Amino acid sequence: MAIELKNVCHTYMEGTAFEHGALENINLTIHENEFVGIIGHTGSGKSTLATHMNGIIQPNSGKVFVDGIDMSDKRKRKEGRAKVGMVFQYPEHQLFEETVEKDIAFGVKNMGLSEADVDERVREAFYLVGLEYEKFAEKSPFELSGGEKRRAALAGIIAMRPKYLVLDEPMAGLDPSGRKEIMQTIMKLKDALGCAVIMISHSMDDVLKASSRIIVMNKGKIVMDDTPREIFLHSEKLLEINLGLPQGLVLANELRSRGIDIPKDAFLMDELFEILCERLGLC
Amino acid sequence: MLKDITLGRYFPGDSVVHRLDPRTKILLTIAYMIIIFVVDELWLFAPIAAFMYLAVLAAQIPIRYILHSLRPLRWILLLMFVLNIFMVKEGKPLVDWWIIYITDEAILRALFIIARLVLLIAGTSLMTLTTTPIALTDAIESLMKPLKLVKFPVHELAMMMTIALRFIPTLLDETDRIMKAQLARGADFETGGLIKRAKSMIPILIPLFISAFKRADELAYAMDSRCYHGGIGRTRMKVMKYSSIDIYAALTMVIFCAGILLIR
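All values derive from a computational prediction rather than experimental measurement.

Criteria and cut-off values
- Residues numbered from 1 in each chain as written.
- Chains lettered and ligands numbered in written order.
- Predicted model: local features only at pLDDT ≥ 70, side-chain atom pairs only at ≥ 80, totals over all residues.
- Helix = DSSP H or I, 4+ residues; strand = E, 2+ residues; numbered from the N terminus.
- Contact = placed C-beta atoms within 7 Å.
- Nonpolar A, V, L, I, M, F, W, Y, C, P; charged D, E, K, R; others polar.
- Expected span 1.5 Å × (residues − 1).
- Bend = angle between axes of the 7 residues up to and from the residue.
- Buried ≥ 20, exposed ≤ 12 C-beta atoms within 10 Å, placed from the backbone.
- Axes fitted to C-alpha atoms, helices over the stretch in contact; angles between N-to-C directions.
- Parallel < 35°, antiparallel > 145°, perpendicular 65-115°, else oblique.
- Left-handed = near helix turned anticlockwise from the far one by under 90°.

On to unusual backbone geometry, then. Here A:Y90, not a glycine, exhibits a phi torsion of approximately 45 degrees, which is positive. Its location among the elements puts A:Y90 in the loop between strand 6 (84-87) and helix 3 (100-110).

With 19 residues of chain A in contact, the opposing surface of chain B contributes 20 residues. At 3 residues, the largest contribution of residues to the side of chain A that touches chain B is made by helix 3 of chain A. Per-class residue counts for the side of chain A that touches chain B are 11 nonpolar, 8 polar and no charged.

For helix 8 (residues 154-184) of chain B, which comprises 31 residues, the first-to-last C-alpha distance of 45 Å matches the rise-based estimate of 45 Å (1.5 Å per residue) to within 8%. Along its length, helix 8 of chain B reaches its greatest deviation from straightness, about 35 degrees, at B:I168, and the proline B:P169 lies no more than four positions downstream. Within helix 8 of chain B the residues assigned to the buried category are B:I178, B:M179, B:A181, B:Q182, B:L183 and B:A184. In this structure, the buried side of helix 8 of chain B is in contact with strand 6 of chain A together with helix 10 (202-225) of chain B. Residue B:G186 follows helix 8 of chain B closely and has a positive phi angle near 80 degrees.

Below, the discussion takes up the environment of A:I57. Residue and element names in this part refer to chain A. Assignment of secondary structure puts I57 in the loop between helix 1 (46-52) and strand 4 (61-66). For I57, a count of 19 C-beta atoms within 10 Å translates into the label partly exposed. Distance in space between the C-alpha atoms of I57 and M13 is 13 Å, their sequence separation being 44 residues. Discounting chain neighbours no more than four positions away, the residues touching I57 are T51 and H52.

The subject of this paragraph is the packing of helix 3 (residues 45-59) of chain B against helix 6 (residues 104-130) of chain B. Residue and element names in this part refer to chain B. At a minimum axis separation of 11 Å, helix 3 and helix 6 run at an interaxial angle of 20 degrees. Here helix 3 lies roughly parallel to helix 6, going by the angle between them. Handedness of the helix 3/helix 6 crossing: left-handed. Two secondary-structure elements touch here, helix 3 through F45, I48, A49, M52, A55, V56 and A59 and helix 6 through A115, L119, A122, G123, L126 and T130. The residue inventory of the contact of helix 3 with helix 6, partitioned by class, reads 11 nonpolar, 2 polar and no charged.

Written out as structure tokens, the structure is:
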């Protein structure tokens, strides 16, 4: 059971003066329970790739399968779509209901569940994203703060209990503490729901911390697809396509250039901290 | 999805037609429209169509773009054609069977109306295809300047048009994004009766209005903080200037119109 993309190509505005390619021959399998980070520049095709995963946009050629369901099949698409929860960039822009509770329930209700089930799932979603039900349920979503709005929007997707959760820049536009909270929420969600998470980001540090696998995109193609460790061991490739490096790697390189002997595969902040403590005889 | 709508439909290029001053283009298009309405015989549309074709060639625009702009009107064109065929009773009858009564005059008139409309649309779409919407509003403002004498708010109107045009693609993008987001939450815009479908628009319209109001507010602040205070004393970044090609284009049009009027 997995999301499979086979030879997927996508071109925007085909046949007009504004035609531009977004994806070129993408082959990709995302397994259950993975945490996949997708990084790349603006316009590298990462958002387009993500939107293909639940069949909201269709490839110009190639096929997308969700747990074996062909997403080009109009009748079966809905079933596949229910398995893939999609959180778009700035998801708080999609809030529209009178109360937070109704908004979170919108997606679940569209699944045709009984009222008791809907209520249970909505309460669970409130809890999972860290919003107090009693405090927020009856509020208008437009009264919330930026971070709370984003949580509410996230809860609307969570309540549908997706098997695969696709997040497009979930931390964009939040302050550092908001970013940290959302990141923690996502990690918590993954454990609680046992779903796969596909997270698009251009922050190397966020991707490095959470992912079990990283996909690097450039100009509509997948250029690297490996574990974080392998990816960052070949950091020269990232620099080639002008992507930034995670802080830890920058620090490790800097220390090395000043003659401090740091092992080649150490680039997590915690690892570096320990190594340095050892050198200094502090622990 | 919505991205495939080509509104404003500017076709980027650097042809002679593109380089014409937008004011010239508007005036020439008006002249062209007048000549189409003055012509009262079907065969006279042939030289006009040829002229139009040459203009499209000069603009280096694929002819299918012009044809594409006719597509939204295909039903209206068909209706006009059918109505004319059945309503006109003068002339020699060609078909006279049961309630169907068609004369040669009717067919000629139907063709005449269609030719007139098609040429009219082709001409105006050539103008919008070769001119950016912003250049067009600038030109309209400049051409309507005399109306200021009768206290008509020319500048304000042009600014409103510019802003509206500027935000069409932005709001289309926004609508596209919101639609996708609600689709991902299982919203269904395609099935059900009229009322259900109208209701299914609510999850799109509310976020769209909210963001449009927010944008309007932000734009107002942005304009205010740049000391915008209306048209008086305001200079332009791009000053429109007539050049020699405008004179040639105008001359060509004058000769062409005179020619058509003479043969008539």
